Amino acid sequence: MSKINEELMIKSVRFSNRLGMSPMCQYSAVNGFAGDWHLVHYGSRAVGGVGLILLEATAVAPEGRITPYDLGLWDDAQIDGLKKITDFIHAHGAVAGIQIAHAGRKASHDSPVNGSAQLSAEQGGWATVAPSALPFDANEIPPLELDEKGISEVIAQFREAALRSLKAGFKVLEIHAAHGYLIHEFYSPLSNKRTDGYGGSFENRIRLLLEIVEAVQTVWPADLPLFVRLSATDWTLGGWTLDETVRLCEILRKKGVDLIDCSSGGNVATARIPIGPGYQVAFAEAVRNTGIMTSAVGLITTATQANSILQDGKADMVLLGRELLRQPYFALTADENITWPDQYLRAK
Ligand code: FNR
């Protein structure tokens, strides 16, 4: 048996193996509501044998959506559609998790199939918010700088979305603090030029994330796993660094965060990222050395690769993104002992 198929306990939750589905926006929601696409898409990966399914970035507020087609959890009415999905996932042996998110200055864009351009008000777009009035791309309409009242509202929105996630049956909650979205915009010195308590020093730039973690912990049960996805580096001189990530993770560990999902980039349009197989694994390893669990993600496409990351102690879980879009049943053949659904046993 490979390390992939070793079970993992995080708090009260048991994962049957170490493979997870990385959160991937489907841009298929209507007014934030999940529909049949989401049930079939996530359900297929549960049937496909991964231990964890992290649902896509789900907006905590309408203005926090990347596109008008993102999932949302700003309204109690959005709980039911997600509950159907978590019920199905749990009935088939995987654990359902959700990534709650606010896109900050990267909100109000069209979907990738329509070109991803920023939407004007006439096109159904909305005013975006950020730590400072700096656009992600020089050609875009700048975001509005959040004042302290606005920051408090965002923190409350994360707390409310966490509570709704619980009601929807999720057993893992991931705070999206990566990829140039709102929380990352605060901790990166390139997008945060504030002079108040939320800008300047390292302690001030990470304050929003810490306050969101604390707010979420008031409603998210202490025996359920709490993950944070971080961009470990901005890949840009003068930007957020791996050293700062490691410092931040020591603080997050002490606060009771269970696992850091180690990604990178997304906050600088011109950053040059040395993309290649497993290019972010070293970040998961560096963070894991601080004593917190990590997941590795990014161009991990084979069982051998995933297994050696786990075997070498570089991460506790491996998340797969695009490979699971290509092969929903990847996990079934990644290890001979992974449990197959009864319905498919004649094909084994
Ligand atoms: C993504 N990614 C992503 N990341 C995230 O944190 N939240 C999200 O909602 C999304 N959405 C998304 C949609 C699509 C279509 C893709 C391909 C990617 C990033 C994803 O989770 C993963 O980190 C990267 O794709 C790298 O892993 P792979 O694809 O190389 O395994």
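The structure under discussion appears in the preceding block.
Residues numbered from 1 in each chain as written. Predicted model: local features only at pLDDT ≥ 70, side-chain atom pairs only at ≥ 80, totals over all residues. Heavy atoms only, no water.

*Asks:* Which parts of the structure should I look at to understand the pairing of strand 4 (residues 52-59)?
*Replies:* One face of the sheet, then the other: side chains in a regular strand alternate in exactly this way. Within strand 4, 8 of the 8 residues are buried, leaving the element largely enclosed by the surrounding structure. Where strand 3 (residues 19-21) lies against strand 4, 2 bridges are found, and the strand directions are parallel. From the neighbouring strand, Met21 faces strand 4, where its bridge partner is Ile53. Across 2 bridges, strand 4 lies against strand 5 (residues 71-72) in parallel orientation. Pairing of Thr58 across the sheet is with Leu71, part of strand 5. (Buried < 20%, exposed > 50% of the residue type's maximum accessible area, 1.4 Å probe, protein only. Helix = DSSP H or I, 4+ residues; strand = E, 2+ residues; numbered from the N terminus. Pairing = 2+ DSSP bridges.)

*Asks:* Help me out: how do you make sense of the packing of helix 3 (residues 148-167) against helix 6 (residues 207-217) in this one?
*Replies:* For any two helices packed against each other, the geometry is given by the interaxial angle and the distance between the axes. Packing of helix 3 against helix 6 leaves a shortest axis separation of 8 Å and a crossing angle of 40°. The angle between the axes of helix 3 and helix 6 places the two elements in the oblique class. In the packing of helix 3 onto helix 6, the handedness of the crossing is right-handed. Of helix 6, the residues touching helix 3 (which contributes Ile151, Ile155, Phe158, Arg159 and Ala162) are Leu208, Glu211, Ile212, Ala215 and Val216. (Axes fitted to C-alpha atoms, helices over the stretch in contact; angles between N-to-C directions. Parallel < 35°, antiparallel > 145°, perpendicular 65-115°, else oblique. Left-handed = near helix turned anticlockwise from the far one by under 90°. Contact = heavy atoms within 4.5 Å.)

*Asks:* How should the packing of helix 6 against helix 7 (residues 242-255) be read in this particular structure?
*Replies:* Helix 7 packs onto helix 6 with a crossing angle of 15° between their chain directions and a minimal axis gap of 11 Å. What the angle tells us is that helix 6 and helix 7 run roughly parallel. In this structure, the crossing between helix 6 and helix 7 has a hand that is right-handed. Across the interface between the two elements, Leu209, Leu210, Val213, Glu214 and Gln217 of helix 6 pack against Leu248, Ile251, Leu252 and Lys255 of helix 7. Class assignment for the residues of the contact of helix 6 with helix 7 results in 6 nonpolar, 1 polar and 2 charged. (Nonpolar A, V, L, I, M, F, W, Y, C, P; charged D, E, K, R; others polar.)

*Asks:* Would you mind going over the environment of Ile151 with me for this structure?
*Replies:* Checked against the element boundaries, Ile151 lands in helix 3. Once you skip the residues sitting within four places of it in the chain, Ile151 turns out to touch Leu146, Phe186, Arg194, Tyr198 and Leu208.

*Asks:* Hey, could you run me through the environment of Ser191 in this one?
*Replies:* Inspection of the secondary structure puts Ser191 in the loop between helix 4 (182-187) and helix 5 (202-205). Look at Ser191 and you get buried, because its relative accessible area is 2%. C-alpha of Ser191 to C-alpha of Gly180: the two residues are 11 residues apart in sequence and 8.8 Å apart in space. Once residues lying within four places of it in the same chain are set aside, the contact partners of Ser191 are Arg105, Pro131, Ser132, Leu134, His184, Glu185 and Asn267. Within the structure, Ser191 has its side chain in polar contact with the backbone oxygen of Glu185 (distance 2.8 Å). (Polar contact = N/O pair within 3.5 Å; in protein donor to acceptor, adjacent residues only side chain to side chain.)

*Asks:* What is the right way to look at the layout of surface pockets in this model?
*Replies:* Gaps left between atoms show up when a probe the size of a water molecule is rolled over them. Its boundaries defined by the atoms lining it, the largest pocket holds a volume of some 1,100 Å³. Looking at the largest pocket, it is lined by 40 residues, and the ones nearest its centre are Pro23, Met24, His179, Arg229 and Arg322. Secondary structure elements with two or more residues in the lining of the largest pocket: strand 13 (317-320) and helix 10 (322-326). By residue number, the principal contributor to the lining of the largest pocket is helix 10, which donates 4 residues. For the lining of the largest pocket, the per-class residue count stands at 18 nonpolar, 15 polar and 7 charged. Space inside the second largest pocket adds up to approximately 240 Å³. Residue classes in the lining of the second largest pocket are distributed as 7 nonpolar, 8 polar and 1 charged. (1 Å grid on protein atoms, 1.4 Å probe; cavity = no way out; pocket = protein on both sides within 12 Å on 5 of 7 lines; lining within 4 Å. Points joined across faces, edges and corners; volume = space filled by probe spheres on them.)

*Asks:* What is the right way to read the packing of aromatic side chains from this model?
*Replies:* What characterises a pair of aromatic rings is the spacing of the ring centres plus the angle enclosed by the ring planes. Evaluation of the coordinates by the stated rule reveals 5 aromatic pairs. Between Tyr187 and Trp240, the aromatic rings sit 4.4 Å apart at their centres with planes inclined by 45°, giving tilted as the arrangement. Here Tyr187, found in helix 4, pairs with Trp240, found in the loop between strand 10 (226-231) and helix 7; they are 53 residues apart in sequence, far enough to count as distant. With respect to class, Tyr187 is no different from Trp240; both count as buried. One aromatic cluster is present, built from ring pairs that chain together Tyr187, Phe202 and Trp240. Across from the ring centre of Trp126, 5.1 Å away, lies the NZ or CZ of Arg65, which sits over that ring. Between Lys106 and the ring centre of Phe136, over which it is positioned, the NZ or CZ distance is 4.5 Å. (Phe/Tyr/Trp six-rings, centres within 6.5 Å; stacked < 30°, edge-to-face > 60°. Lys NZ or Arg CZ within 6 Å of the ring centre and 35° of its normal.)

*Asks:* Would you explain the site of the ligand in this entry?
*Replies:* Contacts to the ligand come from 15 residues, most closely from Ser22, Pro23, Gln99, Leu299 and Arg322. Here Leu299 contributes a backbone N or O atom positioned 2.7 Å from an oxygen atom of the ligand. Here an oxygen atom of the ligand and a backbone polar atom of Gly321 are 2.9 Å apart. For the ligand, the protein covers 82% of the area, taking 610 Å² as the surface of the free molecule. A molecule is said to occupy a pocket when more than half its atoms come within 2 Å of that pocket's grid points, and by this definition the ligand occupies the largest pocket. Its residues assigned to classes, the shell around the ligand comprises 7 nonpolar, 6 polar and 2 charged. (Near = heavy atom within 4 Å. Areas by Shrake-Rupley, 256 points an atom, 1.4 Å probe, with all protein chains shown as cover. Sits in = over half its atoms within 2 Å of the grid points.)

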